[in-house]
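Each chain, written out:
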Amino acid sequence: MKQLICLLLGVVCLAGCNTSPRQPVVDNSLPAIVPDYVGVEIPEGIAPLNFYMADDGVDRVDVTVVGARGGALHANGAYADFDLDEWHELTRQNRGDSLLVTVCARRDGQWTQYRTFPVYVSTDSLGEWGLTYRLIPPGYEAWGQMGIYQRNLANFEQSAVVDNRQMDGQCVNCHTPNRTQPQHFTFHVRGPHGATVVSIDGHAEVLEPQNKELGGGMVYPYWHPSGRYIAYSTNKTHQNFHQRSDRRVEVYDEHSDIIIYAPDKHEILLDSILASKEMLENYPVFSPDGKTLYYCAAHRVDSVWKNYQQVKYNICSIGFDPQDGRFVGTPDTLVNARQAGQSANMPRLSYDGHFLLYTVCDYGCFPVWHPEADLWLLNLQSGKAYPLAEANSSDSESFHNWSLNSRWIVFTSRRDDGLYTQLYLAHISADGRSSKAFRLPQRNPKEFDAETVCAFNTPDFTSESVTINRQYLYQTIMSADRKGHTLMIK
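Bear in mind the structure is a predicted one, so any value in this text is a computation, not a measurement.

A. Representation of the overall build of the protein chain. Across its full length, the protein chain holds five helices and 35 strands. The 490 residues of the protein chain split such that 57% are buried.

Have a look at this one:
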């Protein structure tokens, strides 16, 4: 059967090459395409994997895609630009099998035909409408135009959820839905009109950004599955700059605690267990059943700005009582990265409760600028922890989240150029194995790579399009006599 498919593929490709490519030279190596989609696993119905050749000398490509279970499509032009409807039908027809891709490329009038490669169509659906993420030019203390955007994963449609140009350039960040459901979301605003916004079923409230008793703004949020609580960390964050070429900036916390906010009561739980002077606590997340809070914690050091390389985080957990909104018991260490001379942070639980996904780097809790930062997975049933080798690269991986069916992850990576973080997706099997990660498809990736001036960060899946009354939200945030809710500390 495989020989027959290969024979048919050769006939289809040569037929295509006779209409555009002329007498192609056969090269048995794999084509160098951008993005690298060779051997990736994708969900049915995702946007077409358009690509271009890495060699600038290529002025035209001719691409044939044949489904192992039937169907085919063809693209010819400056880059591989597949028809949206034909692509969707081909992935539907070949779910659970593969697409066989043959690339012919023209240089100086001569065509070359490369070795055919597979793209696998998973049996696991994505189950999500799209993604939300922040787009921001690479920068440090200062920022310019930025926004929180959403993207339909079935096509290339992108739209703004919040655009800071409508708010005098305020910084917007940390947009977080509840278990991919956008009816509950929260995000933070920094600047002269700083605020924490909480939206529940279309009603948005604005909270003042910080409180003397909290010691910082409310950031890195995570919803309790019931929607009754939101966990935040409160951070005093600083930056240093490196002279080394492979590192640009170091972000570290001088102070950080974890709080629990109850929106219906406008009440904050500030417990000394996770607000100690000896520890730095960060990145809180609830378990799928809402009875456990996971977070990362490190021992404080003297003169953090001098000794930030000594700050190494472990991932810990503590019980949580959803009825009373209180912590239960004492903290437990799940990942002792500090013992291995490393730092583990950004924990994220799969929604089926089987896995804990986190980032490991040399030190600190902001790995987005650490080229050594990799994704790791802890199997909560077996206790085994290991790096996701197929998803990782030689540059930074961070800011990761799960799809609701716990079979797909999205994360940021600097693997493309070391400067801009791009969004990558990967399939996670039921036994915790990762497929090769693939970059978020773009309609014209060559133009996108040449012209983009923004980095992606804090991505998350969304089950449907986010709809909010942006005009009302902007007016409320920017109001000169705005009065945020008074937060009671208990």
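Now that the structure is up, let's keep going.
B. Seen up close, a negative patch on the surface. Residues Asp81, Asp83, Asp85 and Glu86 make up a contiguous surface patch of negative charge. The topology assignment puts Asp85 in helix H2 (residues 84-93).

C. Broad picture of the pattern of salt bridges. Applying the stated criterion across every chain, the model contains 13 salt bridges. Note that Arg107 is salt-bridged to Asp55, the shortest N-O span being 2.5 Å. Here the residue Arg107 occupies a position in strand S7 (residues 98-107), and Asp55 occupies one in the loop between strand S4 (52-53) and strand S5 (58-67), the gap between them amounting to 52 residues. You can call Asp55 partly exposed: its relative accessible area is 34%. A salt bridge links Arg433 to Asp431; the shortest N-O distance between them is 3.0 Å.

D. View of the confidence of the model for the protein chain. This prediction gives the protein chain a mean pLDDT of 89; 89% of its residues lie at or above 70. Here residues 1-19 is modelled with pLDDT under 50, and outside its nearest four sequence neighbours on either side it reaches 19 contacts, counting other chains as well.

E. Examining the packing of aromatic side chains more closely. Using the criterion set out here, one finds 14 aromatic pairs in the structure. The positively charged end of Arg414 is found above the aromatic ring belonging to Trp369, 3.6 Å away from the centroid. The lysine or arginine in question, Arg415, covers the ring of Tyr424, its NZ or CZ lying 4.3 Å from the ring centre.

F. Region of interest: unusual backbone geometry. In this chain, Val34 is followed by Pro35 through a cis amide linkage whose omega measures -10°. Locating Pro35 in the fold gives a position in the loop between strand S2 (33-34) and strand S3 (41-42). Here the phi dihedral of Asp201 falls at roughly 50°; this positive angle occurs in a residue that is not glycine. By relative accessible area, Asp201 is classed as exposed at 59%. Positive phi, normally seen in glycine, also occurs at Tyr283, with a value near 50°.

G. Quick peek at the sheet that holds strand S12 (residues 158-163). Read from one edge of the open sheet, four strands run S12-S11-S10-S34, paired in antiparallel fashion. Two strands in the sheet have a free side with no partner beyond their single neighbour: S12 and strand S34 (455-462). Here the average twist between neighbouring strands, direction ignored, is 25°. As judged from the six bridges shared by strand S10 (residues 130-136) and strand S11 (residues 147-152), these two strands associate in the antiparallel manner. When the sheet's bridge partners are listed, Gly130 is paired in S11 with Asn152.

H. Molecular detail of the state of the cysteines. This structure, assessed with the given rule, holds zero disulfides. Just so you know, Cys296 is unpaired, no disulfide at all, and the nearest cysteine sulfur is the one on Cys365, 5.9 Å from it. Cys365 supplies the cysteine sulfur nearest to Cys361, a cysteine that is in no disulfide, at a spacing of 8.4 Å.

I. Structural detail: the sheet that holds strand S25 (residues 326-335). If you walk across this open sheet you meet the four strands as S22-S23-S24-S25, and the pairing is antiparallel. Taken across any chain shown, the strands that pair with only one partner, and hence form the sheet edges, are strand S22 (279-286) and S25. Between one strand and the next, the sheet's axes are offset by a mean angle of 30°, whatever the strand orientation. The pairing of strand S24 (residues 314-321) with S25 spans six bridges and is antiparallel. Directly across from Phe320, in S25, lies its bridge partner Phe327.

J. Highlighting the side chain of Ser233. Turning to its location among the elements, Ser233 is positioned in strand S19 (residues 230-241). Ser233 gets classed as buried once you look at its relative accessible area, which sits at 0%. For Ser233, the side chain forms a polar contact with the side chain of Asn235, separated by 2.7 Å. What Ser233 contacts, discounting residues up to four positions off in sequence, is Gly217, Met218, Val219, Tyr220, Asp257, Ile258, Glu281, Asn282, Tyr283 and Pro284.

K. Region of the structure containing the side chain of His184. You can see His184 is positioned in strand S14 (residues 181-190). When its relative accessible area of 15% is taken as the criterion, His184 is described as buried. Filtering out sequence-adjacent residues up to four positions away, His184 remains in contact with Thr176, Pro177, Asn178, Ser199, Ile200, Asp201, Trp223 and Gly227.

L. Local environment of the pairing of S11. Counted residue by residue, S11 has six buried out of six residues, so it is predominantly covered. A two-sided burial pattern is seen for S11, the buried positions comprising Gly147, Tyr149 and Arg151 on one face and Ile148, Gln150 and Asn152 on the other. Here S11 pairs with S12 via five bridges, running antiparallel. Considered in S12, the bridge of Arg151 is made with Gln158. Between S11 and S12, which pair antiparallel in sequence order, lie five residues.

M. Summary view of the pairing of strand S23 (residues 292-299). S23 sits mainly inside the fold: seven of its eight residues count as buried. Looking at chain direction, S22 and S23 are connected through six bridges and run antiparallel. Residue pairing for S23: Leu280 is matched across the bridge by Ala298. If you look at the hairpin formed by S22 and S23, you'll find five residues sitting between the two strands, and Gly290 has a positive phi there, around 75°. Two strands pair when backbone bridges link them, and S23 and S24 are joined in this way by six bridges, in the antiparallel orientation. In the strand pairing of S24, Tyr295 is matched with Cys316.

About the criteria used
- Counting starts from 1 at the beginning of each chain's written sequence and moves along it residue by residue.
- With pLDDT at 70 or above as the cut-off, local features in this predicted model cover only qualifying residues; side-chain atom pairs require 80 or more to be listed or tallied, and sums for whole chains, interfaces and linings still use all residues.
- Think of the side-chain values as coming from all heavy atoms in the structure, minus any hydrogens and water.
- Helix and strand assignments follow DSSP, with helices taken as H or I runs no shorter than four residues and strands as E runs no shorter than two, numbered in order from the N terminus.
- A 1.4 Å probe rolled over the protein chains alone gives each residue an accessible area, and that area as a share of the maximum for its type sets the label: buried under 20%, exposed over 50%, partly exposed in between.
- To count toward a patch, a residue needs a relative accessible area over 30% and no salt bridge; like charges are then connected within 9 Å, while nonpolar side chains (Val, Leu, Ile, Met, Phe, Trp, Tyr) are connected within 5 Å.
- Values of accessible area rely on a 1.4 Å probe in the Shrake-Rupley scheme; residue burial ignores everything except the protein chains shown.
- Every case where a carboxyl oxygen of Asp or Glu lies within 4 Å of a side-chain nitrogen of Lys or Arg is listed as a salt bridge.
- Under this rule, positive means Lys or Arg and negative means Asp or Glu; His and the chain ends count for nothing.
- The atoms used to mark charge sites are NZ of Lys, CZ of Arg, CG of Asp and CD of Glu.
- The predictor attaches a confidence to each residue, called pLDDT, with possible values from 0 through 100.
- Whether two residues are in contact is decided by their heavy atoms: any pair within 4.5 Å suffices.
- In this analysis, rings of Phe, Tyr and Trp, with Trp reduced to its six-membered ring, are considered paired at centre separations within 6.5 Å, and the interplanar angle assigns stacked below 30 degrees, edge-to-face beyond 60, and tilted for intermediate values.
- Note on criteria: charge over ring means Lys NZ or Arg CZ within 6 Å of the ring centre, with the direction from the centre no more than 35 degrees off the ring normal.
- When DSSP finds at least two bridges between two strands, those strands are taken to pair.
- Each axis is a line fitted through C-alpha atoms, and for a helix only the stretch in contact is used; angles between axes span 0 to 180 degrees, taken between their N-to-C directions.
- Disulfides are defined in this document as cysteine sulfur pairs within 2.5 Å.
- The definition of a polar contact used here is a pair of N or O atoms within 3.5 Å, where within protein one atom must be able to donate a hydrogen and the other to accept one, and adjacent residues in sequence count solely through side-chain atom pairs.

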